[in-house]
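Here are the chains, one letter per residue:
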Amino acid sequence: MTSAVLTAPAGAKGEQDGMNAARPDWDEYFMDIAALVARRSTCLRRNVGAVLVRERRILATGYNGAPSGLRHCLEGGCMRAQMNIPSGERHELCRGLHAEQNAIIQAALHGVSVKGSSLYCTNHPCIICAKMIINAGIVRIHFREGYMDRLAEEMLKDAGIGVSQS
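Note that the structure is a prediction, hence the values are computed from the model and not measured.

Student: Describe the nonpolar core, naming the residues involved and giving the relevant values.
Tutor: Counting residues in each nonpolar core, the largest one holds 22 residues, and the members touching the most others are Leu 52, Leu 119, Ile 133 and Ile 138. Only strand S1 (49–54), helix H4 (99–109), strand S3 (118–123), helix H5 (127–136) and helix H6 (150–158) provide two or more residues apiece to this core. If you tally residues by element for this core, the top one is H5, at five residues. Sequence-distant contacts of Ile 138, defined by excluding residues within four places in its chain, comprise Leu 52, Ile 104, Val 114, Ser 117, Ser 118, Leu 119, Ile 133 and Ile 161. Of all hydrophobic cores here, the second largest spans eight residues; its members include Met 31, Ala 34, Val 51 and Tyr 120.

Shown next, in the form of structure tokens:
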């Protein structure tokens, strides 16, 4: 039996500690999981995934879509799209929940505290989610794409929550 040893090219990430250069760091790893979770989304406008993590352990995941047991937007259509409402406006007309909301709700449903956790999300949180994140005790947010909500950005900063784009 022969064994192969994988080595990184000179100067590659992880060479100093012997790690495989293709191995993602923790932030990249959890962000990739958030992107996978987003694939479950039933939203017609934007697929978003969220992962709550504490001490490198996944606490809960969530994606945007209609409440459990109700028709998905894929089946019932999107009222906001039909009314030509711009992205980020009139959230109350959406039949779905945001990924961040669903992750927090799933944790609560299963009795898992998210206090002190980090949120990995494919999009920057809106103001509604930002307020939930603050009150849930989440301390850090990593996001991949824009969807910048200035009020959300200000509130998160005022609450001392670290926000970084990956």
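From this point, the narrative continues.
Student: Residue-level account of the environment of Gln 101, with values.
Tutor: Tracing the sequence through the fold places Gln 101 in helix H4. Beyond its immediate stretch of four places on either side in the chain, Gln 101 contacts Ile 128, Cys 129 and Met 132.

Student: With reference to specific residues and values, describe the sheet that holds strand S4 (residues 140–145).
Tutor: The mixed open sheet is built from five strands, whose spatial order is S2-S1-S3-S4-S5. A single partner strand is all that each edge strand has here, and the edge strands are strand S2 (57–63) and strand S5 (162–165). Looking at each pair of strands side by side, their axes are set apart by 20 degrees on average, direction ignored. Relative to S5, S4 runs parallel, the two sharing four bridges. Looking at S5, one finds that Ile 141 is bridged to Val 163. Lying on the sheet, helix H1 (residues 26–38) is in contact with S1, S2, S3 and S4; it crosses S1 at an angle near 140 degrees.

Student: Could you give an account of the pattern of salt bridges, with specific residues and numbers?
Tutor: For the structure on display, the rule yields two salt bridges. Taking the shortest distance from any N to any O, the salt bridge between Arg 144 and Asp 32 comes out at 3.1 Å. Here Arg 144, found in strand S4, pairs with Asp 32, found in helix H1; they are 112 residues apart in sequence, far enough to count as distant. Look at Arg 144 and you get partly exposed, because its relative accessible area is 30%. The class for Asp 32 is partly exposed, based on a relative accessible area of 37%. The salt bridge involving Glu 153 is made with Arg 150; its shortest N-O contact spans 2.7 Å. Note that Glu 153 and Arg 150 are positioned in helix H6 at a spacing of three residues, about one turn of the helix. Assessed through its relative accessible area of 32%, Glu 153 is described here as partly exposed. Classification of Arg 150 by relative accessible area gives exposed; the value is 53%.

Quick notes on the rules
- Residues numbered from 1 in each chain as written.
- Predicted model: local features only at pLDDT ≥ 70, side-chain atom pairs only at ≥ 80, totals over all residues.
- Heavy atoms only, no water.
- Core = buried A, V, L, I, M, F, W, Y, C linked by side-chain atoms within 4.5 Å.
- Buried < 20%, exposed > 50% of the residue type's maximum accessible area, 1.4 Å probe, protein only.
- Helix = DSSP H or I, 4+ residues; strand = E, 2+ residues; numbered from the N terminus.
- Contact = heavy atoms within 4.5 Å.
- Pairing = 2+ DSSP bridges.
- Axes fitted to C-alpha atoms, helices over the stretch in contact; angles between N-to-C directions.
- Salt bridge = Lys/Arg side-chain N within 4 Å of Asp/Glu carboxyl O.

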